[in-house]
Amino acid sequence: MGDAALKILILSAEVAPFVRGGSLAEAARELPTALAAQGHDVRLVMPYYRAVAQQAGSAELVAPAVPIEGVRLADDMPGAFALRRASMGPSRIPVYFIDQPAYYDRDGIYGEGGGDYADNGDRFAFLALAAFATCRAVGFRPHVLHANDWHAGFAPIYLRHVFGSDAFFARTGSLFTVHNLAYQGLFPEAQLRRTGLPEGLFTSEGLEFYGQFNTLKGALLFSDRLNTLSARYAEEIRGPEYGCGLDGVLRERRCELTGIPSGLNTEEWNPAADPHLPASYDADHPQGKAEVKRRLREDLGLPPDDVPLAAMVTRLDPVKGLGLVEEIADYLMHLDMQFVLMGQGDPRIQEVFQRLAETYPERAAVRFVHDPGLAHRVVAGADIFITPSRFEPSGRNQFIALRYGTVPVVRSVGGLADAVRDYDSRSGAGNGFSFSEYNSMALFNALQRALEVYRDREAWDRLRRAGMSEDHSWAVSAR
């Protein structure tokens, strides 16, 4: 390691490939991989869930009984855990698993049957304390403790109020990343006593939030540095519309809050070497994209008309802006374009777009499936990628679309605003099309502008190449 190398402990409730609940798992895999490639000593700590045990059952047993120290937990909480270890990625990054069956030997990560586990406060407070105990057990003194989302949010609170005076952690600073402010880890006041934190913290200036213990609020207050997944989202959450009741706290800490975008795995998402595509292409040799589009239309049952193909690959959730598309769907079907929607989620949204495809079979196609290979082909075969989200802390679809030469049309919020620069027909600057107001006509107008430019193939080619030439890799984010 070089002179500027850091020792970094990353704490996350989920890490791919061991267990996936959402985009957090991918970030918790890709960021440490990129940091290690830049010479830093990175370690991860996560729970040894039942699903993890099934995948990483051969994880080395480091210690059979590591005690929890430094706090007095509730009498019915376990006081120790088994520590296991595996490695991840080409740099063989150490991943330490907290093996405590009472908390993690369950079918779910956060809950089952659509509800959270009642003891999640205990489960994730234990995870944080186990992370500190792991550092002692393996002799790892981190310069940076990086906690992700509320599940890991107990860690910076403990660092500030329990372990801050401990000589072992004297050089440890904390960074807390907000992936989605809407999930906050709310518990009754009694949670404070159960997890051994000082009772004096339960005030309006501390952990109290409308009569409840708010884990996320504590992490925001007591971490040394804060970041979100885009500069725009870091601004947005300081206001009441996106602040989820914590905008006052975030305004107070605005000097410690930054926005650093998530990156893209450029090996997994590479049109020049994508095994899911029937033809390869890149910015300088774009011919293969036309073949991917032709084959995609065949697979979807769309006629081979010489019109642009607009696509959405998304979770079927109202926050993804599907209501805006629904409002103008019939108008879109009369534009000179075709449309494909791929995703799973809300049954009502699925029914709406199923009817659209049945009404306009030569203009629209839908696939309500989880099929990674098809997702790659849809992004690669489309000309336009639509992302009209109500809010978007980061998102990665816009990065994928740009890399695949599929011009994004987005609402200018969060990570979408940071990534997509609105096209200027006079100067030729920009890499996509954006709109600000959350209404369907603003989306419609942005799509019409995109279709107008598409008809000028030279301008469209320059626009496509501009996006493909950008670097949104994790190496950039890690720096």
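Above this note sits the structure.
Below or above, wherever it landed, is the structure these notes cover. Predicted, not measured: the structure shown is a model, and the values here were computed from it.

Reading the values: rules and limits
Position numbers for residues count from 1 along each chain, tracking the sequence in the order it is written. Totals for whole chains, interfaces and linings use every residue, but because this is a predicted model, local features are given only for residues with pLDDT of at least 70 and side-chain atom pairs only at 80 or more, for both listing and counting. With hydrogens and water set aside, each side-chain value is computed from the structure's full complement of heavy atoms. Nine residue types can take part in a nonpolar core, namely buried Ala, Val, Leu, Ile, Met, Phe, Trp, Tyr and Cys, and a core is a set of them joined through side-chain atoms within 4.5 Å. Exposure is judged per residue with a 1.4 Å probe applied to protein chains only, and the accessible area is read against the type maximum: over 50% gives exposed, under 20% gives buried, and values in between give partly exposed. Secondary structure counts use DSSP, requiring at least four H or I residues in a row for a helix and at least two E residues in a row for a strand, with both numbered from the N terminus. Note on contacts: a residue pair is in contact if any heavy atoms of the two residues lie within 4.5 Å. Criterion for a salt bridge: a side-chain nitrogen of Lys or Arg within 4 Å of a carboxyl oxygen of Asp or Glu. Take the number of residues in a helix, subtract one, and multiply by 1.5 Å to get its expected span. Two rings belonging to Phe, Tyr or Trp (six-membered ring only in the last case) form a pair when the distance between their centres is within 6.5 Å. Interplanar angles under 30 degrees mark stacking, angles over 60 mark edge-to-face geometry, and anything in between is tilted. Two strands pair if DSSP finds at least two bridges between them. Within 3.5 Å is the distance limit for a polar contact, defined as a pair of N or O atoms, with the added protein rule that one can donate a hydrogen and the other accept it, and that residues adjacent in sequence qualify only through two side-chain atoms. Whenever a helix is involved, its axis is fitted only over the stretch in contact; in every case the axis is a line through C-alpha atoms, and angles between N-to-C directions fall within 0 to 180 degrees.

**Some details on the nonpolar core**
If you look at the biggest cluster of nonpolar residues, it comprises 126 residues, and the most contacted ones within it are Y158 and L220. No other element matches helix α4 (residues 120–138), which puts eleven residues into this core. Beyond its immediate chain neighbours, meaning those up to four positions away, Y158 contacts V71, A125, A128, L129, F132, F163, G164, T195 and L197. Membership of the second largest hydrophobic core comes to 42 residues, among which are Y423, A442, L447 and V453.

**Topic: the pattern of salt bridges**
Counted under the stated rule, the structure contains 28 salt bridges. Between R50 and D107 there is a salt bridge, with the nearest N and O atoms lying 2.6 Å from each other. Within this pair, whereas R50 is found in helix α2 (residues 50–55), its partner D107 is found in the loop between α3 (101–104) and β6 (111–112), the two being separated by 57 residues in sequence. One salt bridge connects R464 with D461, and the closest N-O pair in it is separated by 2.1 Å. A residue pair is termed a helical-turn pair when its members lie 3 or 4 positions apart in one helix, as R464 and D461 do in helix α17 (residues 457–468) at three residues. Each of the salt bridges in this network shares a partner with another, and the network as a whole consists of R20, E26, R29 and E30.

**Examining the environment of E69**
Tracing the backbone shows E69 in the loop between β3 (60–67) and β4 (80–88). Each C-alpha atom, one on E69 and one on G79, is 8.2 Å from the other, the two residues being ten residues apart in sequence.

**Some remarks on the environment of V71**
Along the chain, V71 falls in the loop between β3 and β4. Separated by 123 residues in the primary sequence, V71 and R194 place their C-alpha atoms 10.0 Å from one another. Contacts of V71, omitting those with residues within four sequence positions, involve L129, Y158, V162, T195 and G196.

**Details of unusual backbone geometry**
The amide bond that connects A16 to the next residue, P17, takes the cis arrangement and shows omega of 10°. Inspection of the secondary structure assignment puts P17 in the loop between β1 (7–11) and α1 (23–37). Of note in this structure, R92 is not a glycine but carries a positive phi near 50°. Along the chain, R92 turns up in the loop between β4 and β5 (93–99). The residue Y210 is not glycine, and still its phi comes out positive at about 50°.

**A few points about α1**
Its 15 residues place the ends of α1 21 Å apart at the C-alpha level, agreeing with the 21 Å of an ideal helix rising 1.5 Å per residue. Across the 15 residues that make up α1, a large majority, twelve, are buried. All of the buried residues along α1 are L24, A25, E26, A27, A28, R29, E30, L31, P32, A34, L35 and A36. Turning to α1, the residues buried within the fold contact β1, β2 (41–47), β4, β5, β8 (144–148) and α18 (474–478). Two residues or fewer after α1 comes G39, characterised by a positive phi angle close to 100°.

**Focus on the packing of aromatic side chains**
Scanning the model with the defined rule gives 21 aromatic pairs in all. Judged by centre distance (5.4 Å) and plane angle (70°), the rings of Y103 and F126 are edge-to-face. Taken together, the positions of Y103 in helix α3 and F126 in helix α4 put the pair 23 residues apart, joining distant regions of the chain. The class of Y103 is buried, set by a relative accessible area of 5%. With a relative accessible area of 0%, F126 lands in the buried category. Here the aromatic rings of F163 and F169 are separated by 5.8 Å at their centres, their planes lie at 65°, and the arrangement is edge-to-face. Of the two residues, F163 and F169, neither departs from the other in class, the shared state being buried.

**Notes on the side chain of S434**
Within the fold, S434 resides in strand β20 (residues 433–435). Beyond its immediate chain neighbours, meaning those up to four positions away, S434 contacts V410, S412, D422, A446 and R449.

**Here's the deal with the sheet that holds strand β12 (residues 212–214)**
Pairing in this open sheet of three strands is antiparallel, and the strands run β10-β12-β11 from one edge to the other. The strands lining the two open edges of the sheet, one partner per strand, are β10 (186–187) and β11 (208–209). Where β10 lies against β12, two bridges are found, and the strand directions are antiparallel. Among the inter-strand pairings, L186 is bridged to a residue of β12, identified as N214.

**Focus: the side chain of N180**
Here N180 is to be found in the loop between β9 (173–178) and β10. In terms of polar contacts, N180 uses its side chain to reach the backbone amide nitrogen of A182, at 3.0 Å. Non-local contacts of N180, meaning those with residues more than four positions away in its chain, are made with D149, Y233 and F391.

**What about the sheet that holds β9?**
Overall, mixed pairing links the nine strands, which are arranged β3-β4-β5-β2-β1-β8-β9-β13-β14 in an open sheet. The open sheet is flanked by β3 and β14 (257–259), the only strands paired with a single partner. Looking at each pair of strands side by side, their axes are set apart by 25° on average, direction ignored. Of the strand pairs in this sheet, β2 and β5 are connected by four bridges, and their pairing is parallel. Bridge pairing links P47 to I98 in β5. Contacts between α1 and the sheet are confined to β1, β2, β4, β5 and β8, with β2 contributing the most and set at about 160° to the helix.

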